[in-house]
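Take a look at the letters that make up each chain.
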Amino acid sequence: GNYNRVALFVNEEEKQDAADVLNETPWQQQEITSDGMTAVDASATADTLIRLLQKRMRDLEAETCRRLISWEDEKFYSASGERPGGNLSGQGKESLDLMSLNDLHDTLQGLDDELEKMEYWIDERATMIKPITDECRGIEEENRMLEQQWVSYETLGNELTRLLSGLVLPQGLMKVLQNPGSVIIYDSSGAVDIERSEEGVEMIFQAGQALKLALDTAEKEGGIHLRAVSDSVKVLTSTSNKFCDSLARIVVTVMEQLAKEVCSRQDSIIGKGDNHSSIAKKIRESQRQFQASLLAYIKIIEALALLKPDILPAVRDAYSELVAEGIMSKKRMKAYFASLPGRTSVKIAHETNLGKTNFDFPGRTSASVTHDLSDYAPVSLRNPNTTDASGMMKPVNVEDVEAALGEMLPLIAREAYFTAALFGLSSRHLDGRQKKRNFEAAKKSVDNSSQYFRYYMNRICGIASEVDAEGKKVKGDAMLSLVASIHLNEAMDGYIDRHKKGGDHSLSLAYVRATILDLRKKVDRQWVIWIEEQIKWIRTNPGVPQNGKRAGIFASVARFPSYLDHVLICCKAGRSQDYTPNLAKIKVVSYYLQKMASGLFASLNECAERETTDQQYAADVMRMENSYFFTQSIKQRGIELTSVFQKQITGASVICKQSTDAYLGWMIKREFKAMHSLFSNISRIRKDVGDADVPIHVPRAQFVRTIQKESSKEIMKEKIGVVYARMEKHLSDGGGLLPVAWKALVKVLYEWFGRWEKLSTSCYKFILEPSAIDVVRLAKAATGATAGKRPDGKAESRKNFASI
């Protein structure tokens, strides 16, 4: 066709027809503008129109194809003269009436051209409106973002309102937080009215809880980074700090007022006529009243624990200081300990500071019952009971220790219990490390509260003052410390948490046990220092001659049983008649008593092995006599000491047996030298050649001559008398070993002479005279003849001694 961009239609009728088609077709797309009005969306409309025209074009092409097919069929039927399906003359006429194929082609070509022009026109219009469509899209995106921002701001506003609503406290509580003293009621003198202020304490606690809840909410819900929330939290934190400082001042003020009131009451004042029981009762009653009154203010301390736990140590220190200066003050503790039956604390301090000493035992006060090992009297096995002519073996004043432990330890336990409960130091849900820290905090506080109790307790337990201690200094009493250690060990059983309940009760019991252990460490150290000093003296080997001859019982060994007797006297003092101290179960006591005994044997071994000691017999006599003395002296003192020194007794028995065998062998070889040499030679030859050939090596005549010369009855009697006299000279009278050693010697003589009889009979068919039995009779006769009288001419009484 002749269409161009200007003349798109042939005539107005065709243009009107196209306009009608476009107007009847719903191809325009509407959009809502920012002001709420509707308008045509050009871009969307162009897309819709293109799709619509493409559809109409496909419809026209399909119709054209149907018409072409029908035309070709008609031409074929006309040429062939055949028409399927009967007479189709009506259809043929209808086909002939249709436009020709050329007209149809021209129409299609025209439509194709028109469509191409339409597409070109649409592309031009799309290019022209593209900036507008892009701008519309940008505006659309901006509107969407603004809408999202509006939603976000709305959500943020709601969240901020929720967060801030949890940080806003009621006006009434804020007034309490800003000035907690406003709800505390004071009397006319300005002191706190304890009873009438309980309602105010409850309001303070509620305000503290609300403040803690607000702070926890801010931390839990988040939003601290928001300025409004952060500013509110800062205000609450500042309020919390000021509130806690005010509460701490109120609590300390109340404590001071209560302590002053309780201690100034008439029934709490300690008078001169009070004894230790009444004083202890008044102290306990004062403590109970003080703690019961203070319980009304425990909620203030709970509020402090919620809001500012790090301020509690200062409040706890103030509390312990008030207790130390009031309820358990130095004046009260001094009055109590001075009223104890033995007045040990007063005597020790008074005599130490006046320099009053015991002139019989220099370096000791007259109140002290401790003496060095060298001061004790030596004992004898013939007279095992220690004689106390000097009066030095006095019992200690255990009544003071027993009374103080029985009356004061419950008071200390109550103080520990209340401290743990008041300051929340025994929560069950805490882990082990936190529980340990809390226990240390409670121990520090109660240690300060009970400092004067421990000061005077140290004194009555015989513990010496520290070198750098201020005020009066006292000297230690090792024996008193030893007995105190035993009593402390027994007192420990009453404060063991057998039910494992935990909580404040378990903590208070643990503190009392720690207090007892601390005292035990001190008394044990005091006694151990004394033991070490005595071991040093033992190792100097006092009184032992350099050659070791006639050393007898060492001075340290002879005095050791006297010290043990003194220990038993002190341990049994104030006890029932059937009481037996079980020293073996107290590890420190048994260990150092054994160490002291081991020092005795170390000294004995050192003296026996030194070069100047006669090794032929003196070393054996020394070991034999002292080990036997130790064993028998311990056994004579009963099972309570035997169980302690069981190891040393066993070792001493072995030493005594070995040294006795060596000494007795030396004695027989010395006095019966010829016979011992003869029979030793015969025994050696007999092993090599047999009984029959022995006379070949040792002629019978020589054998008989030696026996007759050395073994006659008179000669034997004389030799046995010499042996006994020598043994009597070697062994000391106090050791009590002579009867036992002589009995052992007789047994050895019987064994040796019995063997010699057998050798004489088997090798020489010679009967030895006197026989082994005769030798025993001669030995017994020698004992009766020479040992019946003492050197002073008086009859000597002998006791039965244990055999070796």
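Basis of the calculations
Residues numbered from 1 in each chain as written. Predicted model: local features only at pLDDT ≥ 70, side-chain atom pairs only at ≥ 80, totals over all residues. Heavy atoms only, no water. Helix = DSSP H or I, 4+ residues; strand = E, 2+ residues; numbered from the N terminus. Buried < 20%, exposed > 50% of the residue type's maximum accessible area, 1.4 Å probe, protein only. Contact = heavy atoms within 4.5 Å. Areas by Shrake-Rupley, 256 points an atom, 1.4 Å probe, with all protein chains shown as cover. Phe/Tyr/Trp six-rings, centres within 6.5 Å; stacked < 30°, edge-to-face > 60°. Core = buried A, V, L, I, M, F, W, Y, C linked by side-chain atoms within 4.5 Å. Patch = residues over 30% accessible without salt bridge, like charges linked within 9 Å, V, L, I, M, F, W, Y side chains within 5 Å. Salt bridge = Lys/Arg side-chain N within 4 Å of Asp/Glu carboxyl O. Lys, Arg positive; Asp, Glu negative; His and termini not counted. Charge placed at Lys NZ, Arg CZ, Asp CG, Glu CD. 1 Å grid on protein atoms, 1.4 Å probe; cavity = no way out; pocket = protein on both sides within 12 Å on 5 of 7 lines; lining within 4 Å. Points joined across faces, edges and corners; volume = space filled by probe spheres on them. Nonpolar A, V, L, I, M, F, W, Y, C, P; charged D, E, K, R; others polar. Polar contact = N/O pair within 3.5 Å; in protein donor to acceptor, adjacent residues only side chain to side chain.

This part takes up the overall build of the protein chain. Along the protein chain, the regular secondary structure elements total 28 helices and 2 strands. Classification of the 804 residues of the protein chain by burial places 43% in the buried group. A sequence separation of at least 24 residues applies to 75% of the contacts in the protein chain between residues at least 6 apart. Within the structure as shown, the protein chain displays about 43900 Å² of accessible surface, and the carbon and sulfur contribution to it stands at 53%.

Most of helix H15 (residues 451-460) is tucked away: 8 of the 10 residues are buried. When we look at burial in H15, the residues that qualify are Tyr452, Phe453, Arg454, Tyr456, Met457, Asn458, Arg459 and Ile460. Directly beyond the C-terminal end of H15, a positive phi value near 80° is found at Gly462.

In the structure shown here, the tally under the stated rule is 25 aromatic pairs. With a centroid separation of 6.1 Å and an interplanar angle of 40°, the aromatic rings of Tyr319 and Phe418 are classed as tilted. One end of the pair, Tyr319, is in helix H10 (residues 312-325); the other, Phe418, is in helix H13 (residues 398-422), with 99 residues separating them in the sequence. With a centroid separation of 4.2 Å and 10° between ring planes, the pair formed by Phe703 and Tyr764 is classed as stacked.

Nonpolar side chains tend toward joint burial in soluble globular proteins. Judged by nonpolar contacts, the single largest core of 108 residues is most densely connected at Trp527, Tyr563, Phe630, Phe645, Met727 and Phe753. The element that contributes the greatest number of residues to this core is helix H27 (residues 738-764), accounting for 14 residues. With residues near it in sequence (within four places) discarded, Tyr563 still touches Leu373, Tyr376, Met479, Leu482, Trp527, Trp530, Ile531, Leu593 and Met596. With 89 residues, the next largest nonpolar core counts Val192, Ala280, Ile311 and Ala484 among its residues.

Taken together, the side chains of Glu61, Asp112, Glu116, Glu119 and Asp123 present a region of like negative charge at the surface. As for its position among the elements, Asp123 is in helix H4 (residues 101-167). Exposure remark for Asp123: the relative accessible area of 47% places this residue in the partly exposed category.

Here the focus is empty space enclosed by the protein. Considering all chains together, one arrives at 4 cavities of 30 Å³ or more under this definition. Approximately 70 Å³ is the volume found for the second largest cavity. Lining the second largest cavity we find Gly548, Lys549, Arg550, Ala551, Gly552, Tyr617, Ala618, Val621, Met622, Glu625 and His730. Broken down by element, the lining of the second largest cavity gets its largest block of residues, 4 residues, from helix H20 (residues 618-635). When the residues that make up the lining of the second largest cavity are grouped by side-chain class, the tally is 5 nonpolar, 3 polar and 3 charged.

Considering the arrangement of structural elements, one finds Arg332 in helix H11 (residues 330-338). Owing to a relative accessible area of 7%, Arg332 belongs among the buried residues under this scheme. Separated by 3.3 Å, the side chains of Arg332 and Ser286 make a polar contact. What Arg332 contacts, discounting residues up to four positions off in sequence, is Cys263, Ser268, Ile270, Ile279, Lys282, Ile283, Ser286, Gly326 and Ile327.

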